[in-house]
Amino acid sequence: MASFRFPLFLFFSFFLLLQPHSITANLHRTNTLLKNSNIYASDLRTLQLNDTKPTRFFEVTKPIQLAKTKPCSYLVLHHDFAFTYGKPPVVANYTPPSHCLSQKLSKIVLEWNATCKGRQFDRIFGVWLGGVELLRSCTAEPRATGIVWTVEKDITRYYSLLVQNETQTFAVYLGNLVDNTYTGVYHVDITIHFYPAEENFKDHEYGLDNLVSGYGSRADLILPISRNLPLNGGLWFEIANSTDPGIKDFVIPQNVYRAVLEIYVSFHENDEFWYGNLPNDYIAANNLTDYPGNGPFREVVVILDGEVVGAVWPFTVIFTGGINPLLWRPISAIGSFNLPSYNIEVTPFLGNILDGKTHTFGFSVTNALNVWYIDANLHLWLDSKSAKSKGQLLKHNSAPPLVSLVSNFKGLDGTFLTNVNRSISSTGWVESSHGKITTHFIQDFTYSNYMVMGNNGNLQIVNQTIHVNDSVSAEMPSSNAQFMKSYKTFPFYLYSNSENKGNGSSLSVANVTLGFNQKNSKSAGSGISDSSLENLQDGQGVMVVKNNLVASGLGSTQQVYNYHGSEFCYFRNISSSNYTILYDEVGNKCHKISESHLGPNLAKIK
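Being a predicted model, the structure only gives us computed values, none of them experimental.

1. What about the state of the cysteines?
For the structure on display, the rule yields 2 disulfides. Across the disulfide from Cys-72 sits Cys-100; the S-S distance is 1.9 Å. Disulfide Cys-72 to Cys-100: torsion about the S-S bond roughly -60°, handedness left-handed. On the criterion of sequence distance, the pair formed by Cys-72 in strand β2 (residues 72-81) and Cys-100 in the loop between β3 (90-94) and β4 (105-116) is long-range, its members being 28 residues apart. A relative accessible area of 4% means that Cys-100 is categorised as buried.

2. Remarks on the sheet that holds strand β12 (residues 246-250)
Ordered by their spatial adjacency, 4 strands build an open sheet running β12-β17-β14-β15, and the pairing between neighbours is antiparallel. Across the chains shown, the open sheet's two edge strands, defined by having one partner strand only, are β12 and β15 (307-312). Across the sheet, the axes of successive neighbouring strands diverge by a mean angle of 20°, strand direction being ignored.

3. Some thoughts on the pattern of salt bridges
In this structure the tally under the stated criterion is 12 salt bridges. Where Glu-133 meets Arg-136, a salt bridge forms, and the shortest distance between an N and an O atom there is 2.7 Å. Neither Glu-133 nor Arg-136 differs from the other in exposure class; each is buried. For Glu-238, the salt bridge identified is with Arg-227, shortest N-O distance 4.0 Å. On the criterion of sequence distance, the pair formed by Glu-238 in strand β11 (residues 237-239) and Arg-227 in the loop between β10 (221-225) and β11 is long-range, its members being 11 residues apart. Its relative accessible area of 26% is what places Arg-227 among the partly exposed residues. Salt bridges sharing common partners tie together Glu-133, Arg-136 and Asp-375.

4. Looking at the packing of aromatic side chains
Here the structure, examined in full by the defined rule, presents 30 aromatic pairs. Ring centres of Phe-267 and Trp-274 lie 5.8 Å apart, and the angle between their planes is 85°; on these two criteria the pair is classed as edge-to-face. Across the pair, Trp-274 and Phe-267 agree in class, each one buried. Through a chain of ring-to-ring contacts, three or more aromatic side chains come together here, namely Phe-267, Phe-273, Trp-274, Tyr-275, Phe-319, Trp-372 and Phe-492. We note Arg-258 situated over the ring of Trp-381; from NZ or CZ to the ring centre the distance is 4.6 Å. Looking at Lys-485, its charged tip hangs above the ring of Phe-483, at a distance of 5.5 Å from the centre.

Cut-off values and rules
Residues numbered from 1 in each chain as written. Predicted model: local features only at pLDDT ≥ 70, side-chain atom pairs only at ≥ 80, totals over all residues. Heavy atoms only, no water. Disulfide = S-S within 2.5 Å. Helix = DSSP H or I, 4+ residues; strand = E, 2+ residues; numbered from the N terminus. Buried < 20%, exposed > 50% of the residue type's maximum accessible area, 1.4 Å probe, protein only. Pairing = 2+ DSSP bridges. Axes fitted to C-alpha atoms, helices over the stretch in contact; angles between N-to-C directions. Salt bridge = Lys/Arg side-chain N within 4 Å of Asp/Glu carboxyl O. Phe/Tyr/Trp six-rings, centres within 6.5 Å; stacked < 30°, edge-to-face > 60°. Lys NZ or Arg CZ within 6 Å of the ring centre and 35° of its normal.

See the structure below:
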């Protein structure tokens, strides 16, 4: 067993969220492995840092559709995040500037702009307004000459909260550690841009405000399902295991006629690489009890008053130090700078919670290891013509997931196949001044993870695919049924191998394929509005490590981003290698969509 070296990708994330005493325990646990705290002590010194300008890091995504108007910009927070780990969030008073609200607004955009120089791990951070999370993100890892990165997020969805005419608490938690080795301080500016509407401007995401059901419109009220200030740390709930739920009480107004729960999820420490966690029987047979287990399947379960109302099968976000940090410079992994949130339609259950009493949302994570950060925002649509709505849950099904695990191993080498299926559905009606509306919500999930362990435990291959199909439909007495459908596929492939080269040196190879594919369809007046996205990254990384320091390394990344909407399209084909952009092709023309190998629910753009 002394020769066993667990696949190095699990230790190439520099997402330091542990207390100092926990860091020591982690290093002791891996004393026969490459020690992650020493890798960056070399600052990747073999890479040439001849340029003096800060390097701009970025995540490839489509630009936000904006009206051709000059925004009214409001600098909400300027702060230098030094030693902030385990301390209270940085807060500021937020009052929407009256001069920014003098006209009708078409968009509201949050801009995070940050710089850093020196050495530092990647850090998770969150941004909240009145306890409502606006952004979950990861910092970029700096270099000696400095870096800069910007995240722009369309936060128009939170319109009612952002224009609320009262002072609210704006909070940011970024848990950073600074010492003699890790010197990077994150210098941050957060600005909110209010874009006045122009005549005939079409907002294809929020352009359906005339629907009485609220589909396509912005919520009238947003309640935080998060931890309350004051506290040390983020406002998210910290889920340490599968029996450790995050719970929050809430009360809703009695004139609500639609409700959607938006969930933010991120995973860290022993579950940062949950998709590569090994089955417990393999760990026990090889006496590897210190290594992350519980297998590679995770789901976030959403519970309302003890009843499972929905689930999240999360996208495999790789943080900027994950697997091999050389892969994400300067192109960040999909979702790392703007983690996705997930929607659960709660409308069918409104009949159970329109009583003016206190109710409870809870979150648990199947097979969880320490630690998951989860919170949520409850979006509510209010009936301005009535003081009280009424409703009834008609039908609900939330059978447990069907799990199949086939293991075949001998010693440290073997194969593992995990397949999981689940469906959740609910139907209920709500009656308000808009009439009696019956809402159907369906979630269908499929999951497959094929894992190979070889080369006496030094080789790991993970081939995983997650399919998530969500649909919401509303039957109305005076109009055609409205609907929204979303089909998502998250392909993930990892090849990780380590070879001992002697003289205290080793060679580490990691190849990654990461995809986020989605097709949306929704009713739009008398027609249908469709959009599709294919977003695929391939990365190849090699590092030679000698005496626990990086002696040389190379990381290359290629990405193709292809978005096709009914009236807006965006294409980008880009590649980088060790901080250098090799090519970058951008286009915005719409082309014909044809069915692809992804199946009938996902489309490929020619």
